[in-house]
Structures are given as structure tokens and as C-alpha cells.
Amino acid sequence: MRETILKRDFGTPASISTETVTLEIDGVEVTVPAGTSVMRAAAESDVNIPKLCATESLEAFGSCRLCLVEIEGRKGYPASCTTPVEPGMKVRTQTPKLQALRKGVMELYVSDHPLDCLTCPANGNCELQDMAGVVGLREVRYGFDGSNHLRDKKDESNPYFTYDPSKCIVCSRCVRACEEIQGTFALTISGRGFDSRVSPGRMQPFMESECVSCGACVEACPTATLMEKTIIQLGQAEHSITTTCAYCGVGCSLRAEMKGNEVVRMVPHKDGKANEGHACVKGRFAWGYATHKDRITKPMIRRKISDPWQEVSWDEALDYAASEFKRIQAKYGRDSVGGIVSSRCTNEEDYLMQKLVRAAFGNNNVDNCARVCHSPTGYGLKQTLGESAGTQAFKSVEHSDVIMVIGANPSDGHPVFASRLKRRLREGAKLIVIDPRRIDLVKSPHVAADFHLQLKPGTNVAVISALAHVIVTEDLLQEEFIAQRCEEKSFEQWKAFVALPENSPEAMEAVTGVPAQMMRDAARLYATGGNAAIYYGLGVTEHAQGSTMVMGIANLAMATGNIGRDGVGVNPLRGQNNVQGSCDMGSFPHELPGYRHVSDATARMQFEAAWGVELQPEPGLRIPNMFDAALHGSFKGLYCQGEDIVQSDPNTQHVAAALSAMECIVVQDIFLNETAKYAHVLLPGSSFLEKDGTFTNAERRISRVRKVMAPKAGFADWEVTMHLAKRLGYDMHYNHPSEIMDEIAMLTPTFRGVSYAKLDRLGSIQWPCTDDAPEGTPIMHKEQFVRGKGRFMLTKYVATDEKVTRKYPLILTTGRILSQYNAGVQTRRTENVRWYSEDRLEIHPHDAQERGVKDGDWVGVQSRAGDTVLRALVTERVQPGVVYSTFHFPESGANVITTDNSDWATNCPEYKVTAVQVMPVTHPSAWQQHFSEFSRTQLGLLHAAAPAGSE
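Not measured: the values here are computed from a predicted model.

Caption draft 1: The arrangement of the overall build of the chain in detail. When you go through the chain residue by residue, the secondary structure sums to 29 helices and 38 strands. For 951 residues, the compact-globule formula gives about 30 Å, and the C-alpha radius of gyration of the chain, at 29 Å, lands near that figure. With the C-alpha coordinates of the chain rotated into their principal frame, the extents come out at 90 × 80 × 65 Å. Across the 951 residues of the chain, 63% fall into the buried class. Look at the contacts in the chain between residues 6 or more apart in sequence, and 73% of them connect residues 24 or more apart. Taken as a whole, the chain presents about 34,500 Å² of accessible surface, with 50% of it coming from carbon and sulfur. The averaged location of the 114 negative side-chain charges in the chain is 2 Å from the averaged location of its 102 positive side-chain charges.

Structure (C-alpha cells):
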């Protein structure tokens with residue numbers, strides 16, 4: 001679906017008023033919503049008033065004086081962008097006087113602007129150039145002899161865009177975008193009058209300022225002042241294709257602007273429902289990995305991981321992989337092989353992957369990365385509300401009065417949603433943060449949490465029970481909602497449980513480290529502050545009591561009636577782009593697509609009829625079970641698509657040992673990641689730019705992924721899976737991913753009404769999409785819960801088995817950072833490494849001083865599972881007794897030290913609580929030395945790859 005590059009801009013935001021106003025513009029009667037600006041009213045009537053400082057993504061500013069109009073009965077020449085329409089108003093947009101005024105304004109702008117249009121990178125897409133033409137500017141009377149800014153020095157410090165102050169017209173659009181859209185407030189106008197200039201911070205270079213490189217300023221700039229370096233290098237694009245970002249679970253809609261089949265830049269799509277024209281540094285700029293020199297583009301095989309790789313044809317690679325899986329199953333049994341589905345691939349590819357395991361392997365040994373991140377969300381919400389997904393659209397936060405963020409860091413992990421959230425906070429919403437670390441939301445420009453419950457890692461359930469205790473014992477319950485919508489018996493049991501003195505804030509204070517009064521005040525605010533919404537992340541789920549905590553969150557929302565309308569809800573923030581989708585597609589050993597248990601004979605019969613095979617009624621192996629079975633000798637073959645389990649799963653040495661014990665590992669990926677170093681067959685993957693399909697984001701929004709270039713290796717991932725299935729004896733045949741979606745819709749009730757034609761028409765759809773909701777469901781559980789009556793679950797706090805001791809006196813918790821993504825396989829191959837080039841260990845000054853550690857020192861981090869070495873970052877972001885690290889660089893070995901402890905219900909690893917000791921060191925750990933040597937060997941074997949049969 002090719003689109004034109006230039007999109008019409010109506011100048012000011014649309015009014016949401018239901019009342020209308022009728023006025024006259026240039027003699028034509030116009031009716032628009034009350035509150036509409038004269039500029040927008042004119043634009044909606046196809047009358048384009050000249051403008052420079054105005055754009056529909058920002059509030060009207062009225063500084064450029066180019067949009068002046070005449071209004072009958074009103075003195076002067078008001079700016080149309082800041083003038084709201086009035087009944088009976090008569091507006092003239094084109095008169096000789098207005099023409100003269102506008103031309104004079106343009107003369108002033110151009111008198112201090114380089115006249116290098118033919119060589120300017122914005123040539124062909126410059127609003128200043130366009131407006132000069134609109135007003136008929138043919139000469140500039142003022143000359144260039146006096147003071148000007150034409151020789152102002154460029155700021156090239158940012159790797160993705162250039163700031164050229166000589167071309168700045170001081171329209172403030174970039175400053176306003178940074179404030180209104182991004183919420184970082186990194187830009188300002190320095191100086192007065194002629195000396196006014198856009199400044200990052202205090203006249204700092206962009207890379208030294210608080211700028212987060214979201215690109216909102218670049219998108220807002222009407223000239224070449226802020227310009228992508230790719231545009232400077234490659235020139236203006238000639239068409240665009242709308243697709244969906246392949247990073248976090250926000251699922252931003254982006255326009256890939258192209259020259260032929262080459263991407264020139266990625267631009268946030270204004271009509272994208274998840275992002276509404278915004279993006280972050282990753283989605284906006286960090287897409288270069290797709291054409292990186294490290295891409296694997298040839299299929300390869302080898303007998304042992306100590307052998308060099310051999311480049312082979314697709315047919316040879318697929319034949320070999322299939323023969324190995326058949327051999328293993330013949331020798332060790334049907335259940336000796338399995339597959340891991342990618343949460344970065346499309347819904348259609350994930351559906352085919354689990355179908356291959358069930359229909360071609362003949363077992364249910366299929367799992368996905370949600371096992372190690374959000375599987376407690378699926379379990380906990382299914383038990384309480386009846387559906388394994390969040391309840392709201394992201395836009396719902398605009399109606400929230402109280403926002404509770406638990407175990408999530410939206411500014412780093414889900415930055416586009418964080419911008420929405422911060423905008424609502426600036427409008428007056430209250431914020432409660434529950435996190436052991438002081439995240440940016442606790443205090444940042446123009447945003448501050450009302451309460452920061454800085455709990456000890458591992459005590460989430462104790463805090464949620466204490467909050468519930470206050471709500472119950474202080475009679476803050478929404479009794480009417482509970483009576484109408486929830487099970488009476490389970491509520492009464494829960495009410496009696498949380499009312500116990502042992503669950504009081506006072507009793508839990510010693511456990512959690514959170515002052516009792518603060519917990520009481522936070523509970524009162526949540527229960528009585530109006531619409532209250534909970535957003536949570538991996539700091540909730542990656543615990544031994546992850547499922548218990550999810551149920552505790554749902555209990556809290558039901559008890560206060562904060563379910564089923566705008567501004568409320570229980571909202572998990574998914575980490576990867578298609579975590580939600582991979583779960584929806586049945587990528588679990590116990591569930592078919594649509595979260596139907598494999599033991600459900602009716603559901604199983606539907607799939608058996610459609611697929612033409614008999615399916616197993618017993619759940620298969622989870623990822624941890626696969627590893628254990630491999631070490632016990634009963635699991636010998638793995639097909640791993642688009643996941644890096646060696647780096648991302650806990651206890652790295654255990655994972656590596658399990659892979660080493662297998663006889664055939666097939667990895668399908670775009671790079672030689674850490675898992676691929678243990679592979680026997682390497683199948684080139686395709687990036688999101690090389691395929692058609694859909695992703696499903698954290699708000700259940702299904703969005704189209706569109707191919708903008710041919711797959712570098714010849715096949716999209718869905719085609720590879722299809723061809724492998726055929727060689728395993730199970731024939732799959734699809735001509736296009738749209739046919740796979742048609743099959744998904746036929747077999748999955750919540751996707752019943754989904755089709756590519758509807759997605760193209762609507763832009764995106766939030767499931768359930770059924771006959772009752774043919775255009776999707778933005779808000780879940782509106783009239784009743786999916787399970788009928790909401791069920792309260794008891795959430796007894798049980799301390800983790802991971803205890804601090806004299807040997808391991810600190811608690812390590814982990815998380816992400818803005819510029820890097822997950823295992824870093826993509827972002828480490830972009831300029832994002834300029835912001836963050838290594839994982840660091842955050843440690844409190846008290847703990848650092850006690851150990852003789854200074855900022856920047858190398859420190860050994862030792863746990864019961866292993867040890868590694870990181871560089872220290874001494875900071876008060878963490879509390880005494882807690883250390884924190886990211887996990888974006890494989891050489892850091894963050895998961896070498898995380899243990900096998902996991903959630904009681906789902907086996908989700910307890911990444912957030914690891915007892916460690918930290919001490920100064922002078923050399924890498926033994927594991928890191930082994931890692932370096934192993935990696936050098938594997939990269940050497942890759943670089944030595946030769947065509948099969950060559951000498």
C-alpha cells in the first residue's frame with residue numbers, strides 16, 4: 001500500500017465538542033464543532049491559510065503572524081490559529097491588505113535565512129519555501145548586510161539528526177513538541193529578540209542535554225533546522241508505506257518513507273491509534289539494524305558446534321533440519337523435540353510455528369518468551385477477570401484521575417505511552433509509583449509522584465494486601481459494583497482475609513520497608529480519587545509470587561469499581577512488540593490459539609478438523625522443562641525462532657548446558673545471537689521491514705505490518721516455517737499472510753471478525769473483534785466480566801526463597817533503559833550505543849562506600865548461581881541494600897547470576913530478586929573469560945563459512 005509522502009495539516013488540533021458553530025469564510029457558510037480555530041475551520045473547507053508556527057499536533061501559539069485574517073466587525077488582523085470560531089462570524093482570508101502583510105512577514109523571515117534552497121536537504125519538503133511561494137515573495141528589500149545568523153555553527157553531535165541554527169525561524173514548534181508531545185522539556189528559546197535561538201538545555205550540544213532523541217522536534221520543524229541525517233545523505237523520499245514498530249509493546253504506527261526499496265526515514269503516523277504521531281528513539285531512528293552487515297543472509301548447517309559453518313541452499317538446509325528432527329523422534333520418541341515461538345515475529349508466523357509443533361512434531365512442546373516475562377499476567381487475569389489481557393486502550397489514561405504504576409518504568413520501557421501518561425499528570429492527575437528504584441516518573445520536569453512506595457524487592461504482594469486492608473477496613477469499597485459484578489462468596493472470603501491485622505500497613509511495614517502511613521494515604525487516594533488506573537510491568541510478574549500479585553491488582557481494581565470504563569483498568573505493559581500476540585496465537589504448551597486448554601475436547605476437535613491431524617490432549621513442556629529434560633537426556637531437538645534464550649533466560653550456564661546436550665538446534669534469526677552460537681542449523685530470519693503480517697500490542701490492538709523491501713535472504717519467516725512443515729510430512733500452503741489470518745479468525749473466537757481488509761479500512765482493531773463488536777473492543781469488561789462474575793482471589797504474602805545472608809547481603813533487581821531493547825541484538829547494531837554502550841551496576845553511595853567502590857570501578861557481582869563483573873554506577877536511584885542492572889549486552893552476564901527461582905503458577909523466572917555480594921575486582925569473571933573465548937571461536941567459525949562441498 002504505497003502512500004504519498006505529504007499529509008495535509010489542518011493547523012490546529014481538532015475540537016472534540018459535540019456542539020456546532022456556523023460561520024462564513026470567504027462568503028461560504030461553514031459548520032464546525034465549537035472550539036475549532038478559524039484556521040482549522042477554513043482548512044476543513046479547503047481554504048488553506050498560510051502558516052508557519054501552527055501544526056495540528058500542537059496547541060496554537062500565534063507567533064509567526066502569517067495566518068492573519070480579517071473578521072467583520074473586529075479591529076486589526078487576528079491570528080487565525082488562536083482565534084476560535086463564533087456563530088455568525090464572517091471571515092476573509094484573502095484580501096490585498098492581508099497579502100501585503102503576509103509578504104512583509106515573509107520578507108523578514110527570509111532576510112535572515114540562507115537562500116540555498118536547491119542544495120538544502122529540506123528542498124521539496126520545506127514549509128518556509130512553500131509559504132514564500134504562497135504569498136508570492138519575489139524579492140527581499142532588506143538585504144544581508146547587517147547582523148544575521150547565517151554563519152551559526154551546526155550541532156552535529158546527535159547521531160540521527162543535525163541542528164542548523166542558521167535556518168531557524170524561531171517558530172517554537174520544536175520547543176512546544178518537546179513539551180506537549182514528549183514531555184521532556186529539553187528545549188527552550190534562549191535570548192531575546194534578534195538573539196533568540198532554540199537551545200537544548202543551557203546552550204549545550206544535543207548529546208549533552210536532556211534530549212531523549214524521540215524525534216518530535218525534528219518532525220515539528222518546518223525548515224531544515226532540525227533534519228534527519230539520512231535525508232541529508234539520501235535526499236527526499238518519494239513514497240511511504242505504513243507499518244508497525246517492531247520494538248516494545250506500545251505498537252507505534254510508523255510510515256516508512258522510501259526511495260525505491262530503500263528506507264530513507266521512519267516517521268510516526270498521525271493516524272496511529274497507539275501513538276498518534278509520536279515515537280521514541282528506537283522506533284524513529286534505530287531501524288538501521290535491518291540492513292546491518294552482520295545480517296545472516298545464507299542458510300547454514302554444521303554437524304557439531306565446533307565445526308565451521310557451511311553455506312547451503314534453502315532446500316539443503318530445510319531438508320537437513322527436517323531429517324534431523326525425524327531422526328531424533330524416531331530414536332528418542334515423539335516428545336523429544338519442541339519449538340520456541342518468537343514474540344518479535346508476526347501473529348501469522350507465531351500461529352504457523354505453534355501449528356508446526358502440534359501438527360508436524362505431533363506434541364505440545366511449544367512455548368514463547370512470555371514464559372519469562374508476562375505469563376503471570378495471563379494466569380492471574382484469567383483467574384480473576386476471565387481474559388488474559390489488559391482492559392483498556394492507551395488513550396484511556398487521558399481520563400484517569402489517579403494513576404498507579406507498579407514495577408514498570410514507562411519512560412524507558414514504553415516511552416510513547418509514558419509521554420501520554422506525563423501529559424495527563426501535567427493536567428492534574430495524581431500518581432502513585434510502587435517500585436524499589438526511583439524511576440524518572442517519581443520526579444522529572446513538570447511531573448512528580450504523589451507517593452513513591454519504595455518497597456524492598458520481592459514484597460509486592462505484601463504491599464498490595466496492605467493497600468487492600470486499608471480499603472476494606474476504612475469502608476472505601478464500591479459495594480454496588482461488587483454486588484452487581486462480582487462473586488459474593490469469593491468477595492467475602494477475600495474481604496475477611498485482607499482485613500486480618502497481619503495484612504495491615506503497620507504489620508507489613510517491617511516486611512516491605514514502606515512507611516505504614518504512606519501506604520494508607522496511597523490506598524485512600526486510589527480508592528477515592530476518581531477514575532483510577534493501574535499500569536504494571538515486569539517488576540510485578542518476574543517474581544516467585546508474580547501470579548499472586550497480578551491477582552492482587554485485579555482484586556484492588558474490582559474492590560474499588562475501577563474496571564469497565566475509560567480512565568481505569570488493569571493494564572500490563574508488555575515488553576516486546578508481539579508478546580501479547582504470541583500468547584493469543586497459542587504459543588503455550590497448555591493452550592491452543594485463543595487461550596483454550598489443550599484438554600478441551602471441543603476446542604481440540606475444531607483444530608483437528610481444520611488441520612487434519614489428531615492433537616495431543618496433554619500439555620507439553622515449558623521452556624524450563626525443556627532445559628531440564630535436555631540435561632536428563634530426553635529432549636534432543638529444538639526449533640527456536642527469533643528468541644535469544646541464552647541471553648534472556650535465567651541462569652545462563654544452565655541454559656548453555658541444556659543446549660549443549662541437544663543433538664539438533666535450529667535457530668531462525670537475523671543475526672548470530674548467543675543462542676545461534678549453539679545451533680546446528682541457522683536459517684536466516686527476516687526483519688519487520690521484509691514481511692507482511694500483524695502485531696498485537698499491550699492494549700490488544702492488532703496492527704498491520706507491511707513489507708517495504710524484499711527479504712534479504714529470500715523468504716519471510718512464515719514461508720520458512722511453511723516449507724519446513726512440508727518436509728516434516730505436514731503440508732501447509734498459504735499464498736499470503738492474509739490467508740493465515742483468515743484461518744486464525746475462523747478458529748479463534750476473539751479474532752472472529754478480523755481480516756486484512758478490515759484492518760486496512762480501520763487502521764487497527766482491538767480484540768475481541770466479534771459479531772457483537774465488529775470493529776473491536778477498546779474497553780474490556782464494560783457490562784460484565786468475560787468470566788461472568790469477577791472472582792476475588794486470596795493473596796497471602798509468602799517470602800521468596802531467595803534470602804539475603806551475610807555471604808549475599810544485597811538484592812539485585814533488573815530492568816531496561818530507553819536507548820536499548822531487550823537482549824540488545826537489534827539496538828546494539830545501531831547508533832543507540834552512543835547513549836548506552838555497556839550494562840552498569842547501580843549501587844547506593846552507602847553500599848559503595850562500605851565496599852570501597854567508586855563510580856566507574858569494576859565490581860564483581862556474585863550470587864548462588866554464578867558471578868560476573870560490571871562497571872559500578874554510584875547513585876541514589878536505588879535504596880541501600882539494593883543494586884540494579886540492565887541486561888542488554890551479552891558480555892555483561894546479567895543472567896549468569898539470576899537463579900532458577902520462578903513463579904509458583906507459571907514458571908516465570910524471578911529476575912527481580914537475586915541475593916548477591918558486590919566487591920571491587922580487577923579482572924573479568926571466569927564466565928566472562930570463557931564467554932569471550934567461546935564467542936571469538938563461534939564468530940571465527942561463522943566468518944570461515946564456505947559453500948557446502950568447497951575446499
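Caption draft 2: A look at the environment of Leu234. Note that Leu234 resides in helix H6 (residues 229–234). On a C-alpha basis, the gap between Leu234 and Leu810 in space is 51 Å, while along the polypeptide they are 576 residues apart. Every residue in contact with Leu234, bar those within four places of it in the chain, is listed here: Lys259, Glu262, Val263 and Val264.

Caption draft 3: Structural view of the nonpolar core. If you look at the biggest cluster of nonpolar residues, it comprises 70 residues, and the most contacted ones within it are Leu226 and Ile403. Here this core takes 4 residues from helix H12 (residues 415–426), the largest share from any one element. Counting 67 residues, the second-largest nonpolar core is a separate cluster that includes Leu538, Leu615, Trp718 and Ile744.

Caption draft 4: Summary view of the pairing of strand S33 (residues 840–843). The pairing of S33 with strand S35 (residues 867–874) spans 4 bridges and is parallel. Paired with Ile843 across the bridge in S35 is Val874. With 3 bridges joining them, S33 and strand S36 (residues 882–885) adopt antiparallel strand pairing. Within S36, the residue paired with Glu842 across the bridge is Tyr884.

Caption draft 5: Quick look at the packing of helix H13 (residues 460–473) against helix H15 (residues 488–498). Across the interface, H13 lies against H15 with an axial gap of 8 Å and an inter-helix angle of 105°. In this view, H13 runs roughly perpendicular relative to H15, as classed from their interaxial angle. Facing H13, whose interface residues are Ser465, Ala468, His469 and Val472, H15 presents Trp494, Lys495, Phe497 and Val498.

Conventions used here
Residues numbered from 1 in each chain as written. Predicted model: local features only at pLDDT ≥ 70, side-chain atom pairs only at ≥ 80, totals over all residues. Heavy atoms only, no water. Helix = DSSP H or I, 4+ residues; strand = E, 2+ residues; numbered from the N terminus. Rg over C-alpha atoms; globule rule 2.2 N^0.38 Å. Buried < 20%, exposed > 50% of the residue type's maximum accessible area, 1.4 Å probe, protein only. Contact = heavy atoms within 4.5 Å. Areas by Shrake-Rupley, 256 points an atom, 1.4 Å probe, with all protein chains shown as cover. Lys, Arg positive; Asp, Glu negative; His and termini not counted. Charge placed at Lys NZ, Arg CZ, Asp CG, Glu CD. Core = buried A, V, L, I, M, F, W, Y, C linked by side-chain atoms within 4.5 Å. Pairing = 2+ DSSP bridges. Axes fitted to C-alpha atoms, helices over the stretch in contact; angles between N-to-C directions. Parallel < 35°, antiparallel > 145°, perpendicular 65-115°, else oblique.

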